[in-house]
Amino acid sequence: MDVKIEPHWKEALKPEFNKPYFQQIVHHIKTEKKQGKIIYPPGSLIFNAFEKTPIDTVKVVILGQDPYHGPGQAQGLSFSVPQGISQPPSLINIFKEIQSDIGVSPPTHGNLEYWARQGVLLLNASLTVRANEPMSHSKIGWAIFTDTVIKKISSEKKHVVFLLWGKFAREKKALIDASKHLILEAAHPSPLSAHNGFFGCRHFSKTNEYLAAHGIDPIDWKL
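Model, not experiment: these values are computed from the prediction.

Quick word on the overall build of the chain
When helices and strands are counted, the chain shows 8 helices and 6 strands. Walking the chain from its N terminus toward its C terminus, one meets helices and strands in the order α-α-β-α-β-α-α-β-β-α-β-α-β-α. Scaling as 2.2 N^0.38, a compact globule of 223 residues should have a C-alpha radius of gyration of about 17 Å, and the chain matches this with 17 Å. Judged by the C-alpha coordinates and their principal axes, the chain covers about 50 × 35 × 25 Å. Out of the 223 residues in the chain, the part that is buried amounts to 54%. Long-range pairs, those at least 24 residues apart, make up 66% of the contacts in the chain between residues at least 6 apart in sequence. The positive charge centre, built from 26 side chains, and the negative charge centre, built from 20, are 4 Å apart in the chain.

Written out as structure tokens, the structure reads:
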């Protein structure tokens, strides 16, 4: 199957695209579209995280659960929304923590492409969702694919920082070699849980301290 994905990722993930589970994902999405269902993000942005952050540039992984399910929000980057779209509550809390941690004022938009271009892989565990139905594609096979992505980064790279926020993301810890990488865990930035350990986690300064200690350029978190 010829999947339109960034060339370095395409090479790294090539075996996955012909496996039955991946073909089932494609079939499932095509079937829903034929039934008139709206799928987010648009097809051209499903693999946007990979396009913006090739595997050889990955320094940090921020793992989300699934794409935003409202009109115009999803752009294939976890937690990110395009310019002109209101910042969702979890993203507002991420910006609050950055301000508290490193003194960077919150931006007026929620587009995280600048982070992605610096090597922050903004990866959702599910890469698609039906409109207005959160987690509606969480059982169609995406987790197999994105777990493979995490394992590939863990095995092929060194000194990557994995930011695991919330119970769902923290369950991915088993896929990562902690002897080669830094795993930082906290509560999810959602308003329902941010006060249980996301606020005050200082993950952004800790990330940069770790990268600098290993001779890797830190992330400019200012948007």
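Once you've had a look at it, read on.
Describing the sheet that holds strand 3 (residues 120-124)
An order of 3-2-5-6 is seen for the 4 strands of this open sheet, with the pairing classed as parallel. Of all the strands in the sheet, the pair left with one neighbour each is strand 3 and strand 6 (182-186). Within the sheet, the average angular offset between the axes of one strand and its neighbour, ignoring direction, is 20 degrees.

With respect to the environment of Val 104
With respect to the element layout, Val 104 can be found in the loop between helix 4 (89-102) and helix 5 (113-117). The spatial distance from the C-alpha of Val 104 to the C-alpha of Trp 221 is 7.7 Å, given a sequence separation of 117 residues. Val 104 has contacts with Ile 98, Gln 99 and Lys 222, leaving out every residue within four places of it along the chain.

What about the nonpolar core?
Ranked by size, the top nonpolar core spans 63 residues in total, and within it Trp 9, Phe 47, Phe 50, Ile 62, Trp 115, Trp 142 and Phe 145 carry the most contacts. Residues contacting Ile 62, with those up to four places away along its chain left out, are Ser 78, Phe 79, Trp 115, Val 120, Leu 121, Leu 122, Leu 123, Leu 163, Trp 165 and Trp 221.

A closer look at the packing of aromatic side chains
In this description, an aromatic ring pair is defined by two values, namely the gap between the centres and the angle between the planes. Evaluation of the coordinates by the stated rule reveals 18 aromatic pairs. A centroid spacing of 5.1 Å and a plane angle of 70 degrees characterise the contact between Phe 17 and Phe 22, whose relative ring orientation is edge-to-face. Since its relative accessible area comes to 2%, Phe 17 is described here as buried. We classify Phe 22 as buried; its relative accessible area is 2%. With a centroid separation of 4.9 Å and 85 degrees between ring planes, the pair formed by Phe 204 and Trp 221 is classed as edge-to-face.

Rules and cut-offs
- Residues numbered from 1 in each chain as written.
- Predicted model: local features only at pLDDT ≥ 70, side-chain atom pairs only at ≥ 80, totals over all residues.
- Heavy atoms only, no water.
- Helix = DSSP H or I, 4+ residues; strand = E, 2+ residues; numbered from the N terminus.
- Rg over C-alpha atoms; globule rule 2.2 N^0.38 Å.
- Buried < 20%, exposed > 50% of the residue type's maximum accessible area, 1.4 Å probe, protein only.
- Contact = heavy atoms within 4.5 Å.
- Lys, Arg positive; Asp, Glu negative; His and termini not counted.
- Charge placed at Lys NZ, Arg CZ, Asp CG, Glu CD.
- Pairing = 2+ DSSP bridges.
- Axes fitted to C-alpha atoms, helices over the stretch in contact; angles between N-to-C directions.
- Core = buried A, V, L, I, M, F, W, Y, C linked by side-chain atoms within 4.5 Å.
- Phe/Tyr/Trp six-rings, centres within 6.5 Å; stacked < 30°, edge-to-face > 60°.

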